[in-house]
Structures are given as C-alpha cells and as structure tokens.
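# Architecture and fold: a report
Each chain is listed here by its residues.
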Amino acid sequence: MGFEKFGVVSFTAQTRASDFIDYLEKGEIRGTKCNLCGRVFFPPRADCSWCMSKDVEWIEIKGQGTLISFTKVNYAPTGFEGDVPYILALVDFDGIKVFGRLSKDLPEDSVKVGMALKVTPLALPEDKLTYEFLPA
Amino acid sequence: MPKDVAIIGVGQSYFVRGYQGSIRELAFDAYSEAMKDAGIGPEDVGASMICTAPEYDKQRSPSGLIAEYLGLNPQPTFAIETVCSASTSGLKVAYSMIKSGLHDIVVVLGFQKMSEITSADSQERMGRGADIMWESPFGTMMPAYYALHARAHFNTYGSSEKDLALIRVKAAKYGQLNERAVFRKGVEFDQVINADAIASPLKKFDCCANADGSSCMILASADKAKEICKKPVWVMGVGSASAPMTMTGRDSLAGLNAAKEAAKTAYEMAGVSPQDIDVAEVHDCFTIAELMAYENLGFAEPGKGNELIQNGETYLGGKIPVNVDGGLLSKGHPIGATGGSQVRTIVLQLRDEAGDIQVPGAEIGLVHNIGGVGIYGNVVILGR
Ligand SMILES: [Zn+2]
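Residues numbered from 1 in each chain as written. Chains lettered and ligands numbered in written order. Predicted model: local features only at pLDDT ≥ 70, side-chain atom pairs only at ≥ 80, totals over all residues. Heavy atoms only, no water.

## Comments concerning the sheet that holds strand β2 (residues 47–51) of chain B
Residue and element names in this part refer to chain B. The mixed open sheet is built from nine strands, whose spatial order is β3-β2-β4-β7-β1-β8-β11-β10-β9. In the strand order of this sheet, the two ends are held by β3 (77–80) and β9 (279–281), each with one partner. Looking at each pair of strands side by side, their axes are set apart by 25° on average, direction ignored. Inspection of the sheet shows strand β1 (residues 5–12) paired to strand β7 (residues 212–221) by seven bridges, in the antiparallel sense. Of the residues in β7, the one forming a bridge with V10 is M217. (Pairing = 2+ DSSP bridges. Helix = DSSP H or I, 4+ residues; strand = E, 2+ residues; numbered from the N terminus. Axes fitted to C-alpha atoms, helices over the stretch in contact; angles between N-to-C directions.)

Right under this line is the structure:
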C-alpha cells in the first residue's frame, strides 16, 4: 500500500517500489540502483533483470536535466478533465530519463527542446503527491 | 524467395462508426468474404486465430463465441493481442503453424467494435494503454505519446508540421476512392495546419478516427495453395519485434525501434531490400507514424522521410506508393482488424485486383503494422 498516493489518478496501490512515495514526502525524487551491476533505474525498479537480483538501493535524482520532448495536451482521459491543458515532458538527467509534467506556470511558447529543467515534488489535493519539472 | 505459406483469401467489412450488429456478425462480414475468396468451407480450416483488443469487448473470451458462429468448431481457436497490431501477430502465428506442419489452412480473423463500450469507458481505457504505474498517473493518452515522437523528430531532423499535413492530404485523396473507409472527404493542406491541437504539435487531422470493423486472412501451405488457389500471394518475410512501453526506456523518440527491428528481420527472410518494394501499407494511426515509417522501413534515410512526401514519391506513380487505400487516417482504425485490412490491400495489389488504386505490375508489397506507441512492431513482406 502507499503507492495509490502517486499522481492525479493512481492505478496501482501495491508495489515493492513504494518507498518512492516516502522519499517524495521528504522532498526527494529517487530512483533505484542495482547493488550488483550498478545500473540505475528511473522509474525505480525493485528488481534487476540483468542480475536476477532484488538487491537495489535508493538514489536521488537531482541537478539539472535537459528537455528531450514535450506536448501540450488539450484532451485528457477520464479523471484528468479538470487538469487540461497540461504539458507532458521527457527530461534527461545525465542519461537517466524522467517522464512527467512541466509546471503549470510555464507557458507553452517559453518551452524549448534542450532547455534546462529541474525536478521537484508537488503536493496534490486529497493528500496525493507527484513531481513536476521547473526551469533550472 | 520463400514459397512455403500463401494467403489464399482476404476479406474486410466496411469500416464504420457505430456498426449496427453484434461482434459475431461483424466478424462474419470479413470471414464470409475471405472464405468465398478462397473457395473453401469451414471443414477445410485447421485452426482460427481471433485478433482483438479485448478491453473493447463486453463478451469475455470472444474467440470461443466467434469460432462457434463462424462454424469453426471443433478446430482449435485462441485470441491474439498486441493491441493495434493484433491481426499481423495472428498472421505470424498462423504462418508458424502452417510452416511447422501442424495445420494446412488457418483463418486469421481480426475485429473491433469500438462502439461496443461508451465513449466515457473508451476514454477511461485510453489512459491505461501505457505504464499505469509511472506514466498514466500524469494523464497520458495515445495522441500525446505520438506527439512526443513528432516533436523529437522535428527537433532531431528539421521536419515540420507541414510535412505531416502533406501526409494527411495524401491519405484523404485516396480515402475518397475507398468505399469501405469511414472518412471519405477531401482534406486541404490549410485545414490540417489550422485545425485545433489535440496534443501539440498533433492536430485534429493528424489523428485517425475510431471505427468498427473486421478483417480476415486465410493462410495455406504451399501444397494446398497450389491445389486450390489461382493467385496465391506468398508470405516472403515476417518480422516482429518489441520495444519499451515506457518513454523513459527508449533510446530515441525520433523513430520506432520495434519497426526497425521487425523490418530488418522481414527483409532478411524475404531476401529483398527496401528498393524492391513496389507498394506499401504503413501504420499511420497518426501522420507522424507514417513519416517515421518511411525511415524505419528504409524507404528513406533517417531524417529524409519528409522529402518523399514533399516530392510526391509516396503517391501512386511515385517511387514507393504508400497507403494508397487511404491508410488508417481515412479508413479508420478498428484496432484488432487493422493489420488484416492492410494485408488485404496488398494482396489485392499483388493479384492486380486493386482497381482505381492499382500499382501497375506490383510484384512485392510490404505491410507495417504497429501495436500501441511502437511497443509491438510487425512487418510482413508479400510477393506474387
Ligand atoms: Zn543488476
């Protein structure tokens, strides 16, 4: 339990990666790292399929990332109707890619592929949590 | 070229909004046409593959019901699901069953009655066609994912919304000739460019329409095909591949790796190269998908796909005619039926039965059918 707190609408309550939520509550965005091969995972994985191992540790995603691509969404699936429009984005933090939304404060015409972004936690109504990208 | 397995019959329903019948009847529309085309009866069939995206079906386990309705008991039947590429996945399984000697004739039936569920239910399902843990909670849907690929393609290669609009204009031109297409109106360049954005940079006319429809392919062993079929169309190459479902797992968004991998396998198996293809059907669920297909299939170098459409090379009479049946953009996209409809178009081309859209003397054709946003890729090469 615990993962149902993630995002505007959550579809999964149980995962062995739910510590992600505890770190998010503390203000940190964390991925995982395999303690055998050193591979870093974001989104965090509880398991390494290269090593057949469950021995992973949590590492923080911080610093400055680069915007790979984005789209401003004007039509949304059920449960997100009140949110539109919003901008979905894929951001590269030195080879670790993070998918999410840009801050609502950023107008679309100020957004450019290649721009520098940081990722930060965001509290949502009803005790839910997510993260968003802001200009770095 | 390999001549082990042939397509001996094809059929397709009209693709429509709101089919006025049940899924069993929708399936029968394509099946009866294909069976008559092949000149066989249910007793000749060894097995059936039922291809569908089951989240649209109210009927649980529809293969059982449909096999019964089509008169295909007691032969084995089962469902095949790779979302939008289900029916070419079915073709691959049927090919394998025949090549291995398990069966002589296999029916591959694809269908989708997208109107079976309400549009609210459909909207709800749309959000779950991605990683439901890490992407769906942000409010994702298919147009947004292809939009991310479009922006990445523009930025990597200098392509633009104008190139995408040219692709839609072509689709609309040929859609008007296809009486089984759901969208049969002409579309002007300015209309495409000025339409409302769905997920920027993709706008209304960059997206294909939902539709209800069915398709059917009948595959046979070489011996059977030669015995009963005047114009067998040979399955020369079948390639299929997968790619990460998540955007974070992909090396690049400027192409679809599953399509590239599938194409490589299919070309190798068929012993042909992209230059040998006379006519192609590619999975243009969105205009950007067709542009990426030009490059992923090797019709153009990476980043040069837009030159093909700018120069009219993918029109009839061009270097490589693509989607001259109107494509998904005009025909509509009844998920489980789409691949079979693409194969039917190529089979008719290779039999010289394509009418107004016939590519003169077409000998080798290609089908590119993609499941989800490039999660599954199937490429089929057919020859006469
Ligand atoms: Zn490892």
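## Quick look at the side chain of E295(B)
All names here are of chain B. When you line up the elements, E295 lands in helix α10 (residues 287–296). Look at E295: it is buried, it has no salt bridge, and the nearest opposite charge is K260 at 8.2 Å. Only 2.9 Å separates the side chain of E295 from the side chain of H153, close enough to count as a polar contact. Ignoring sequence-local partners within four residues, the contact set of E295 consists of H153, Y157, A254, A300, E301, P302, G303, K304, G305 and N306. (Buried < 20%, exposed > 50% of the residue type's maximum accessible area, 1.4 Å probe, protein only. Lys, Arg positive; Asp, Glu negative; His and termini not counted. Salt bridge = Lys/Arg side-chain N within 4 Å of Asp/Glu carboxyl O. Polar contact = N/O pair within 3.5 Å; in protein donor to acceptor, adjacent residues only side chain to side chain. Contact = heavy atoms within 4.5 Å.)

## A closer look at the pairing of strand β8 (residues 233–242) of chain B
Residue and element names in this part refer to chain B. Counting buried positions along β8 yields seven of 10 residues, so the element is predominantly enclosed. Here β1 runs beside β8; their pairing, made up of two bridges, is antiparallel. For I7, the partnering residue across the bridge sits in β8 and is V233. Pairing between β8 and strand β11 (residues 376–383): eight bridges, direction antiparallel. Pairing of A241 across the sheet is with G377, part of β11.

## Side note on the interface of chain A and chain B
Listed per partner, the contact involves 35 residues of chain A and 31 residues of chain B. In total, about 2,900 Å² of surface goes out of reach between chain A and chain B, with carbon and sulfur atoms giving 67% of it. Considering only the side of chain A, the residues that lose the most area to chain B are F11(A), Y75(A) and F99(A), jointly responsible for 23% of the buried surface there. Counting across the interface, chain A meets chain B through one salt bridge. Here E108(A) makes a salt bridge to R151(B), at a shortest N to O gap of 3.9 Å. Applying the counting rule to chain A against chain B returns 12 residue pairs in polar contact (both at pLDDT 80 or more). Secondary structure elements with two or more residues in the side of chain A that touches chain B: β4 (65–73), β5 (86–93), β6 (96–102) and β8 (128–135) of chain A. Class assignment for the residues of the side of chain A that touches chain B results in 22 nonpolar, nine polar and four charged. (Buried area = accessible area lost by both parts, 1.4 Å probe. Nonpolar A, V, L, I, M, F, W, Y, C, P; charged D, E, K, R; others polar.)

## Comments concerning the pattern of salt bridges
Residue and element names in this part refer to chain B. Using the criterion set out here, one finds 19 salt bridges over all chains in the structure. A salt bridge links K113 to E116, with the nearest nitrogen and oxygen atoms 3.6 Å apart. Comparing K113 with E116 shows no difference in burial state: the two are buried. Taking the shortest distance from any N to any O, the salt bridge between R351 and E353 comes out at 3.0 Å. Judged by relative accessible area, R351 falls into the buried class, the value being 7%. E353 gets classed as partly exposed once you look at its relative accessible area, which sits at 37%. Among the charged side chains, a network of salt bridges with common partners joins D37, K231, R351 and E353.

## Thoughts on the domain arrangement of chain B
Residues and elements named next belong to chain B. Each assigned domain of chain B is listed here: domain 1 (5–118 + 211–233) and domain 2 (141–207 + 235–383). One C-alpha centre belongs to domain 1, the other to domain 2; they are set 23 Å apart. Contacts between the two partners involve 42 residues from domain 1, matched on the other side by 37 residues from domain 2. Across the interface of domain 1 and domain 2, roughly 3,200 Å² is buried in total on both sides, 63% from carbon and sulfur atoms. Area buried by domain 1 at its contact with domain 2 is led by F15, C84 and V233, which between them contribute 23% of it. In this assembly, domain 1 and domain 2 are joined by four salt bridges. The closest approach of N and O atoms between D37 and R351, which form a salt bridge, is 3.0 Å. Our enumeration of links across domain 1 and domain 2 arrives at 22 residue pairs in polar contact (both at pLDDT 80 or more). Taken together, the elements giving at least two residues each to the side of domain 1 that touches domain 2 come down to β1, α1 (23–38), α3 (86–99), β4 (105–113) and β7. Of the residues assigned to the side of domain 1 that touches domain 2, the class counts are 22 nonpolar, 14 polar and six charged. (Domains from an automatic or database assignment.)

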